[in-house]
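Structural features, examined
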Amino acid sequence: MAEEKKALNFIEQIIEEDLQNTHKREELKFRFPPEPNGYLHIGHASSICLNFGLGEKYNAPVNLRFDDTNPIKEEQEFVDAIKEDVLWLGFKWEKECYASDYFQQLYDWAVEMIKNGDAYVDSQTSEEIAMQKGTPTEPGKESPYRKRSIEENLELFEKMKNGETPERGHVLRAKINMESPNMLMRDPVMYRCLHKSHHRTKDTWKIYPMYDWAHGESDFIESISHSFCTLEFLPHRELYNWFVEKVSKEGELKPKQREFARRNLSHTVVSKRKLMQLVEKGVVNSWDDPRMPTISGLRRRGYTPNAVRKFADSIGVGKRENMIDVAHLEFCAREDLNKTAPRVMGVLDPVKLVITNYEEGKEEWLEAENNPEDELAGSREIPFSRELYIEKEDFKESANRKFFRLTLGKEVRLKNAYIIKGEEVVKDAEGNITEIHCTYDPKSRSGSGTEESMRKVKGTLHWVSAKHALETEIRLYDRLFSVENPDGDKEKDFMDFVNPDSLQVIKGYVEPSLKSAGIQDKFQFQRIGYFCVDKESKEGQPIFNRTVTLRDSWAKKK
Ligand code: ATP
Ligand code: MG
């Protein structure tokens, strides 16, 4: 029992305590409440895994709620993308909800509050209101409109609603306490006039509720028991409770806001607003550009839902903000893809290899295992012939004893094929190697059972048959920012740290079996890394995105 307790994170501890003291198990209900003002990013994945994970753990419903109270920034495109991302991660919501569906209820409650003397219409400009706010150590000043009569307030609020007052004409404020040590309690704005069309309610509303007024009330309407949000909302909790208190009756279960720390990822930015800038300024091509830390970018890059969930679960929830090294995310991708991705051969930077004692015109189809980590993955046949491509860096004309790849006079094995020996190089007028000539040992074929086939040589190289290989576009991605924390320099803008070499497009050669690869199919290019077929591919002509290299090449560079 004691051990079980220890394994609970602090959020689960809160729930367990509430189950002991205040809540019945069937009263547990959670929500994930994105604002549809951009695509979800890896930070949101943490929040999704937390809320939906709690739903799974306690067998409790979880709503997907769009916090769509600001028509200026919100769009249907973002709603659709968010739904796709949550589903892709493998979660199911109980109900799809919209704060905008509660606009009428919120309005009615606001009218009640005016009648009860808890809210008033302020006709000052936002600048004047800001000047009266005071500071954390100095009390604020009451608005000259604070004592407006209830009748006048009701009349003005209705005019606001009907669009009869100009956009910056009035606001509705809660009447709380201008001397509160919590600045958010100093008569916060509940509504502003905004004559903008909303992506769902269209032109029905000329006033829109502020976040603090809408959020807790939406939780209350949906009977959410625990409303988890990020730490910056800690000072909002008092206001959240104050508003809920105003609209609920005694004995009703009230939602409980609790806060956890935002998750940040190194070498990128996790903020929709900043990601939007990258898209708008053309630093990346789209929200789902494989360099983006968006869920859709990671998906297109070749990440699996499992890898993302593993990542979120392994970093867990915390009370303090911290920066997670992107290497950890990459590790989670490798770990999952190693188990699931079929092995294939592809050469990214080719040089021709000619086997001089292999018969011209001859070809063989050799058996190759699809995935040594997965017995059920079976095998396929790959063509072998006299002329192959190997990786340029796998050959050195003269090499020291530690070089276990191909060199003149030494033997290596060609993966799934024969042992070869380097014989000579052919160069062009500039001295560049155009061909490497070698000889092979015909008895050494892998899996043929001969003594020669068991012979151990130091190196094994990947290769493709030149005649059969498929030429493809390969997109190599690197980190989008060249520093760990692009937001960390107060003197500079995060955009100053964009890595100019985050995308390299090359031509490579892959084995012909990949002609039939479908969009999103994932492979391990042996000895190189994991690759995924991009959505821009044409039938029979795949384009590959490098998801992640086989090993962490950054650890070495540091
Ligand atoms: P952004 O600044 O990127 O727009 P946000 O917090 O404004 O982030 P919302 O759409 O309001 O975005 O977020 C939905 C939920 O996801 C909220 O509960 C929020 O607290 C949570 N969330 C957002 N970013 C992170 C993050 N980096 N780590 C953990 N949770 C996050
Ligand atoms: Mg936001």
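In this text the structure is predicted, and so the values were computed from the model without any measurement. (Residues numbered from 1 in each chain as written. Chains lettered and ligands numbered in written order. Predicted model: local features only at pLDDT ≥ 70, side-chain atom pairs only at ≥ 80, totals over all residues. Heavy atoms only, no water.)

**Brief notes about the overall build of the chain**
A count of helical and extended segments in the chain gives 15 helices and 29 strands. Against the globule reference of 24 Å for 558 residues, the chain gives a C-alpha radius of gyration of 31 Å, more extended than a compact globule. C-alpha extents for the chain along the principal axes are approximately 100 × 60 × 45 Å. Across the 558 residues in the chain, those meeting the buried criterion constitute 53%. Across the chain, contacts joining residues at least 24 apart in sequence account for 71% of those joining residues at least 6 apart. Of the roughly 26700 Å² of accessible surface on the chain, 47% is carried by carbon and sulfur atoms. (Helix = DSSP H or I, 4+ residues; strand = E, 2+ residues; numbered from the N terminus. Rg over C-alpha atoms; globule rule 2.2 N^0.38 Å. Buried < 20%, exposed > 50% of the residue type's maximum accessible area, 1.4 Å probe, protein only. Contact = heavy atoms within 4.5 Å. Areas by Shrake-Rupley, 256 points an atom, 1.4 Å probe, with all protein chains shown as cover.)

**Examining the sheet that holds strand β3 (residues 96-98)**
The sheet built from three strands is open, its strands ordered β1-β2-β3 with parallel pairing. Each end of this open sheet is capped by a strand with a single partner; those strands are β1 (30-32) and β3. Adjacent strand axes in the sheet meet at a mean angle of 35° when their direction is disregarded. Direction of pairing for strand β2 (residues 62-66) relative to β3: parallel, over a ladder of three bridges. In the sheet register, R65 faces β3, and the bridge partner there is C97. Packed onto the sheet, helix α4 (residues 76-88) meets β1, β2 and β3 and runs at close to 160° relative to β2. (Pairing = 2+ DSSP bridges. Axes fitted to C-alpha atoms, helices over the stretch in contact; angles between N-to-C directions.)

**Regarding the confidence of the model for the chain**
When the pLDDT values of the chain are averaged, the result is 96; 98% of them are 70 or greater. Across residues 1-5, confidence stays below pLDDT 50; counting only partners more than four residues off in sequence or on other chains, it has one contact. (pLDDT = per-residue confidence, 0-100.)

**A look at the site of ligand 1**
Around ligand 1, the structure places 15 residues, and the nearest of them are E35, H41, T230, R263 and K272. Contact distances for ligand 1 include 2.7 Å between an oxygen atom and a side-chain N or O atom of T230. Put simply, the parts of the chain that give the shell around ligand 1 at least two residues each are α3 (42-58) and β8 (226-230). For the shell around ligand 1, the residue count by class is five nonpolar, six polar and four charged. (Near = heavy atom within 4 Å. Polar contact = N/O pair within 3.5 Å; in protein donor to acceptor, adjacent residues only side chain to side chain. Nonpolar A, V, L, I, M, F, W, Y, C, P; charged D, E, K, R; others polar.)

**Section: the sheet that holds strand β22 (residues 433-441)**
Note: strands within a sheet are paired through backbone hydrogen bonds, in either parallel or antiparallel orientation. Pairing within the open sheet is mixed, and its seven strands lie in the order β23-β20-β21-β22-β14-β17-β24. Looking along the sheet, the strands with just one partner apiece sit at the ends: β23 (460-461) and β24 (464-465). Inspection of the sheet shows strand β14 (residues 350-355) paired to strand β17 (residues 387-391) by five bridges, in the antiparallel sense. Residue pairing across strands places V354 opposite E387, the latter belonging to β17.

**Quick look at the environment of R413**
Its place among the elements puts R413 in strand β20 (residues 411-414). The class of R413 is buried, set by a relative accessible area of 10%. Considered as a pair, R413 and E238 are 175 residues apart in the sequence and their alpha carbons are 69 Å apart. Setting aside residues no more than four positions away along its own chain, R413 makes contact with Y418, I419, S444, R445, S446, E452, S453, R455, V457, G459, T460 and L461. Of the polar contacts made by the side chain of R413, one reaches the side chain of S446; its length is 3.0 Å.

**Overview of the domain arrangement of the chain**
Segmenting the chain into domains produces domain 1 (20-260), domain 2 (265-342 + 472-557) and domain 3 (346-462). Once you take the C-alpha centre of each, domain 1 and domain 2 turn out to be 35 Å apart. Listed per partner, the contact involves 24 residues of domain 1 and 26 residues of domain 2. Together, the buried faces of domain 1 and domain 2 total about 2200 Å²; carbon and sulfur atoms form 69% of this surface. Looking at the side of domain 1 facing domain 2, the largest losses of area belong to H41, I42 and W88, adding up to 36% of the total buried there. Inspection of the domain 1/domain 2 interface yields three salt bridges. A salt bridge links E56 to R309; the nearest nitrogen and oxygen atoms lie 3.6 Å apart. (Domains from an automatic or database assignment. Buried area = accessible area lost by both parts, 1.4 Å probe. Salt bridge = Lys/Arg side-chain N within 4 Å of Asp/Glu carboxyl O.)

**Some details on the packing of aromatic side chains**
Applying the stated rule across the entire model yields 25 aromatic pairs. Ring geometry for F103 and W205: centres 6.1 Å apart, planes at 80°, overall edge-to-face. Separated by 102 residues along the polypeptide, F103 in helix α5 (residues 103-115) and W205 in the loop between β6 (189-193) and β7 (207-209) bring together distant segments of the chain. Plain terms: the ring middles of Y107 and W205 are 5.9 Å apart, the flat faces sit at 55° to each other, and that makes the pair tilted. With Y107 in helix α5 and W205 in the loop between β6 and β7, this residue pair connects regions lying 98 residues apart in the sequence. For the pair shown, Y107 and W205 are each scored as buried. Members of the aromatic cluster, joined through ring pairs, are F103, Y107, F157, Y191, W205 and Y208. The ring of Y107 has K161 sitting right over it, with the charged end atom 4.7 Å from the ring centre. (Phe/Tyr/Trp six-rings, centres within 6.5 Å; stacked < 30°, edge-to-face > 60°. Lys NZ or Arg CZ within 6 Å of the ring centre and 35° of its normal.)

**A look at the pattern of salt bridges**
If you walk through the whole model with that rule in mind, you get 43 salt bridges. Across the pair K467 and E363 runs a salt bridge, and its minimum N-O distance is 3.6 Å. Taken together, the positions of K467 in the loop between β24 and β25 (470-477) and E363 in strand β15 (residues 363-369) put the pair 104 residues apart, joining distant regions of the chain. Overall, E363 belongs to the partly exposed group, its relative accessible area being 37%. In the salt-bridge network here, residues are joined through shared partners; they are D288, R300, E473, R475, D534, K535 and E536.

**Overview of the UniProt feature "binding site: ATP" (unreviewed entry) in the chain**
Residues given the UniProt feature "binding site: ATP" (unreviewed entry) here are E35, P36, N37, T230, V270, S271 and K272. Considering the arrangement of structural elements, one finds V270 in the loop between β10 (263-265) and α10 (272-280). Of the residues examined, V270 reaches a relative accessible area of 13% and is grouped as buried. Those residues in contact with V270 that sit more than four places away from it in its chain are H41, I42, G43, R263, N264 and L265. Among the structural elements, S271 can be located in the loop between β10 and α10. (UniProt positions renumbered as here; feature names shortened; annotations may be inferred.)

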